[in-house]
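Single-letter residue listing:
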Amino acid sequence: MLPVAIFHEHPDWFKPLFAELEKRGIPYERIDPTRHSFAVEDTRPRYSLFFNRMSPSAYLRGGEQGLFYTQNILKHIELQGVRVINGHRAFTYETSKALQLVLLESLGIRYPKTRVVNHVSQLVAATDGLRYPIVVKANIGGSGAGITRYDTPEALKADIDGGGISFGIDQVALVQEFIPARGGFITRVETLGGKYLYAIRVYTTGDTFNLCPADICQTNNGKELVRNACALDAPKNGLKVEAYDPPPAVIEAIEKIVQATGIDVGGIEYIIDDRDGGLLYYDVNALSNFVADAVNVIGFNPHEKLVDFLEQEIHAPVSRRQPAHHF
């Protein structure tokens, strides 16, 4: 059997995945997207499955060259006839918050009021019609990076005049209303194979935009969690979590999103706007880290279900070896 390719750059996030593959005796090969090359004329499949785990936040770790490279190799591998998990289409949405919101608009799904800009000269005009506080978000972010909150027009103008605003590596940014979270939490829903897997409420102190579920410290009743997907010396971030069962309408909307984007494994985040009680979807993640110490939080090991899915895709008929979701 040809090996499964795990295409990733973060050294710690996927240890539980590797452990589950090894437990089942499934051969796999780890590939670093930040140091790689391929021959265009090479059309011979080398993998039984290609699992894209490239992170948009790689540029924070010196791996920005892997981001745009990934788009190219994913298409190359797909054209070889290899089943790619979270392939070219999914990664296109993963690396553009603007495209995510364009899709939500087309699906009739609510999201925070937003403008998209490509130059700091457009920021002040872009706030017209938005309620402060606002946030300016880099279009390619990850782990809460590239997000700055402004409580007043004066604060925004001061940063513009001081040259303190960066739009990130693609020079595109979102200007968006800051949404105060009712209850002090956001909800993250994980999906697998285009279907609902589980949901959690993440309680935040409000001091960080990094709500990575693998970084969560404890349950909402104070039980300490083993953060087995992160570096052992990762600092605690004050996040707390609890399992949650979303209403059917939310599950339906989220499945519609992941099926439209071609995301095989991913998480969608939404928030209840404390100003009016509206439910707003605001983040689409094709790189999904499962919650820390999942058995204690949600009652099962999602990595077992993930590898069940990978095995199913490995043994699927050749006619099915294309991304299963289209829009």
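Residue numbers restart at each chain and count upward from 1, following the sequence in its written direction. This being a predicted model, a pLDDT of at least 70 is required before a residue's local features are given, and a value of 80 or more before pairs of side-chain atoms are given or counted; all residues contribute to the totals for chains, interfaces and linings. The side-chain quantities take in all heavy atoms of the structure and omit both hydrogens and water.

**Some details on the pattern of salt bridges**
A pairing counts as a salt bridge when a side-chain nitrogen of Lys or Arg comes within 4 Å of a carboxyl oxygen of Asp or Glu. Counting across every chain of the model gives 23 salt bridges. Residue Arg 188 is joined to Glu 190 by a salt bridge in which the shortest nitrogen-to-oxygen separation is 2.5 Å. Note on classification: 1.4 Å probe, protein chains only; a residue is buried when its accessible area is under 20% of the maximum for its type, exposed when over 50%, partly exposed between these limits. Its relative accessible area of 3% is what places Arg 188 among the buried residues. In this structure, Arg 201 engages Glu 242 in a salt bridge whose closest nitrogen and oxygen atoms are separated by 3.8 Å. Of this pair, Arg 201 sits in strand 10 (residues 195-203) while Glu 242 sits in strand 12 (residues 240-243), placing them 41 residues apart in sequence. Residue classification places Glu 242 among the partly exposed positions, given a relative accessible area of 24%. Ionic contacts of the salt-bridge type, sharing partners, join the residues Glu 20, Lys 23, Arg 24, Glu 304, Asp 308 and Glu 311 into one network. The helix count covers DSSP runs of H or I at least four residues long, the strand count covers runs of E at least two residues long, and both are numbered beginning at the N terminus.

**Details of the environment of Gln 65**
Inspection of the secondary structure puts Gln 65 in helix 2 (residues 65-79). Put simply, Gln 65 and Arg 35 are 30 residues apart on the chain and 8.4 Å apart in space, counted from C-alpha to C-alpha. What qualifies as a polar contact is a pair of N or O atoms within 3.5 Å, subject to a donor-acceptor requirement within protein and to the restriction that residues adjacent in sequence count only when both atoms come from side chains. A distance of 2.9 Å separates a polar atom in the side chain of Gln 65 from the backbone oxygen of Thr 34.

**Points about the sheet that holds strand 4 (residues 84-85)**
Paired strands are those between which DSSP finds at least two bridges. Taken together, the four strands give an open sheet; going across it, the order is 2-1-3-4, and neighbouring strands pair in parallel fashion. Both outer strands of the open sheet, strand 2 (28-31) and strand 4, are each paired with one neighbouring strand and no more. As paired elements, strand 1 (residues 4-7) and strand 2 share four bridges and run parallel to each other. Bridge pairing in strand 2 links Val 4 to Tyr 28. The strands touched by helix 2 within the sheet are strand 1, strand 3 (49-52) and strand 4, with strand 3 carrying the most contacts at an inclination of about 160°. By definition in these notes, contact holds between two residues if any of their heavy atoms fall within 4.5 Å. An axis is simply a line fitted to the C-alpha atoms; with a helix, the fit covers only the stretch in contact. Between two such axes, the angle follows the N-to-C directions and lies from 0 to 180 degrees.

**Some words on the packing of helix 4 (residues 97-107) against helix 7 (residues 248-261)**
Packing of helix 4 against helix 7 brings their axes to within 11 Å, and their N-to-C directions diverge by 120°. Taken together, helix 4 and helix 7 sit at an angle that is classed as oblique. Crossing handedness for the pair helix 4 and helix 7: right-handed. Here Leu 103, Leu 104 and Leu 107 of helix 4 come into contact with helix 7, specifically with Lys 256, Ile 257, Ala 260 and Thr 261. A per-class count over the contact of helix 4 with helix 7 returns five nonpolar, one polar and one charged. Here is the rule for angles: anything less than 35 degrees is roughly parallel, anything more than 145 is roughly antiparallel, 65 through 115 is roughly perpendicular, and the remaining ranges are oblique. What makes a crossing left-handed is the near helix being turned counterclockwise from the far one by less than a right angle; a clockwise turn instead makes it right-handed. Under the grouping applied here, Gly and all other residues not named as nonpolar or charged are polar, the nonpolar ones being Ala, Val, Leu, Ile, Met, Phe, Trp, Tyr, Cys and Pro and the charged ones Asp, Glu, Lys and Arg.

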